[in-house]
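Structure at a glance
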Amino acid sequence: MTILDGKKVSSEIKLQVIKEIKVLKKKTGKVPGLSVVIVGENKASKVYVKSKDKMASELGIKSNVIEFDENISSVELIKKIKELNEDGEVNGVLVQLPLPKKFNTWEVLTNINPDKDVDCFLPTNLGMILLNRANIFPCTPAGILKIFDYYNINVSGMNACVIGRSFIVGKPIAAMLTNRNATVTICHSKTKNLADHLKRADLIVSAIGKPGFISEDMVKQGSVLIDVGINYIIKKDDVYEHCDELQIKKFERKGYAITGDIHKNAYKKSLYYTPVPGGVGPMTVTMLMYNTLQLFKKKQDLLK
Ligand code: GUN
């Protein structure tokens, strides 16, 4: 079994992005711009937004975080999005999800100019993936494919089982794997006999958010295991279940551990697996930066 080291792949992509931005700055006098809009007080969202802002600055992207109180109206929020659509220095507009309950998420998101849809969440951009004509992809699925490319994993002909049908991960990765000639099954909460689907799979992509749910007996010998789950767990009977030493060491000081959807005992049956943390997770924010650069290049007509 080989660990798919998302941190390493992510570092390489970051270096590549930094290098390209330097060259483009010399050539055009401009740098890519990313605007992140956050509404309300969701703690996890605040942490994510901070890490996006920090990484953008580190890579030479002009980042701008716009924070709104939860009391802002839809009209005001949409007005701000439209301003960002018009701003020539902004290449990517991201509205951090989830929005507070009172907002209609799609009413808000569909006001983003599709050419600035850095998350690749809008219908036209997701549609381009279905047509196999896309040049931008949602960050987490894009990160998974970058990991495959780095480790020369060819999914053509594989039986792939994707668990989860969200528009952020499950549906786009299923289409992207199909475009790479995998035979894809999408499973979800209403799937019957999930274990039967998993046992047939050469490749499993799990995005369900259930710690250690996929057990050793559910996976095939020699499979590729991609774990998108990031689950926070606390001690039970004095042990952190589903976690290996590395995971525990990293988070125990904080009183919790982080584990994926795939039980650590399943790793030994795999040919490749992504650990949690350190697998898919580090790729997501990096791919947001990569996407911002792609949108910048497209605007400057520099995309091949
Ligand atoms: N909330 C959780 N993940 C994401 C993401 O990838 N993009 C946005 N905009 N919000 C999120």
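Since this is a predicted model, take the numbers as computed values, not measurements.

This next bit is on the side chain of T259. Within the secondary structure, T259 sits in strand β10 (residues 257-259). The class for T259 is buried, based on a relative accessible area of 1%. Separated by 3.1 Å, the side chain of T259 and the backbone oxygen of H242 make a polar contact. In contact with T259, other than residues within four places in its own chain, are P211, G229, I230, N231, I233, H242, C243, Q247 and V276.

Moving on, we come to the pairing of strand β5 (residues 159-163). Counting buried residues in β5 gives 4 out of 5 residues, a clear majority hidden from the surface. Judged from the 5 bridges that link them, β5 and strand β6 (residues 183-187) form a sheet pairing that is parallel. Bridging from a neighbouring strand, N159 pairs with T183 of β6. Assessed by its sense of winding, the connection that carries the chain from β5 through helix α7 (residues 170-179) to β6 is right-handed. Direction of pairing for β5 relative to strand β7 (residues 203-206): parallel, over a ladder of 4 bridges. What sits directly across from C161, in β7, is I204.

On to the packing of aromatic side chains, then. Under the criterion given, the structure shown has 6 aromatic pairs. On the basis of an interplanar angle of 65° and a centroid distance of 5.1 Å, the ring pair of Y150 and Y151 is categorised as edge-to-face. The buried category is assigned to Y151, whose relative accessible area is 16%. A ring pair is formed by Y267 and Y273, whose centres lie 3.8 Å apart and whose planes are at 15°; its orientation type is stacked. Residue class for Y267 comes out buried when judged on its relative accessible area of 6%. Look at Y273 and you get buried, because its relative accessible area is 6%. By way of ring pairs, the aromatic residues W106, F121 and F167 are connected into one cluster. When the ring centre of F213 is taken as origin, the NZ or CZ atom of K210, which lies over that ring, is 5.0 Å away.

Residues K7, K250, R253 and K254 make up a contiguous surface patch of positive charge. Counting through the fold element by element, K250 comes out in helix α9 (residues 245-251).

Attention now goes to the sheet that holds β5. If you walk across this open sheet you meet the 6 strands as β1-β11-β8-β7-β5-β6, and the pairing is parallel. Looking at the sheet topology across the chains shown, the edges are occupied by β1 (2-3) and β6. The strands that α7 touches are β5, β6 and β7; relative to β5, the one it contacts most, it runs at about 170°.

Here the focus is the layout of surface pockets. Of the volumes computed, that of the second largest pocket is approximately 300 Å³. Sorting the residues of the lining of the second largest pocket by element identifies α6 (139-150), α7 and α11 (281-299) as the ones contributing at least two each. Classifying every residue of the lining of the second largest pocket gives 8 nonpolar, 4 polar and 3 charged.

Across its 19 residues, α11 extends 28 Å between first and last C-alpha, which sits within 8% of the 27 Å expected from 1.5 Å per residue. For α11, a buried count of 14 out of 19 residues is recorded, marking the element as mostly surrounded by other parts of the structure. Of the residues one or two after α11, D301 is the one with positive phi, at around 65°.

What counts and how
Residues numbered from 1 in each chain as written. Predicted model: local features only at pLDDT ≥ 70, side-chain atom pairs only at ≥ 80, totals over all residues. Heavy atoms only, no water. Helix = DSSP H or I, 4+ residues; strand = E, 2+ residues; numbered from the N terminus. Buried < 20%, exposed > 50% of the residue type's maximum accessible area, 1.4 Å probe, protein only. Polar contact = N/O pair within 3.5 Å; in protein donor to acceptor, adjacent residues only side chain to side chain. Contact = heavy atoms within 4.5 Å. Pairing = 2+ DSSP bridges. Right-handed = clockwise from strand over helix to strand, strands pointing away. Phe/Tyr/Trp six-rings, centres within 6.5 Å; stacked < 30°, edge-to-face > 60°. Lys NZ or Arg CZ within 6 Å of the ring centre and 35° of its normal. Patch = residues over 30% accessible without salt bridge, like charges linked within 9 Å, V, L, I, M, F, W, Y side chains within 5 Å. Areas by Shrake-Rupley, 256 points an atom, 1.4 Å probe, with all protein chains shown as cover. Salt bridge = Lys/Arg side-chain N within 4 Å of Asp/Glu carboxyl O. Lys, Arg positive; Asp, Glu negative; His and termini not counted. Charge placed at Lys NZ, Arg CZ, Asp CG, Glu CD. Axes fitted to C-alpha atoms, helices over the stretch in contact; angles between N-to-C directions. 1 Å grid on protein atoms, 1.4 Å probe; cavity = no way out; pocket = protein on both sides within 12 Å on 5 of 7 lines; lining within 4 Å. Points joined across faces, edges and corners; volume = space filled by probe spheres on them. Nonpolar A, V, L, I, M, F, W, Y, C, P; charged D, E, K, R; others polar. Expected span 1.5 Å × (residues − 1).

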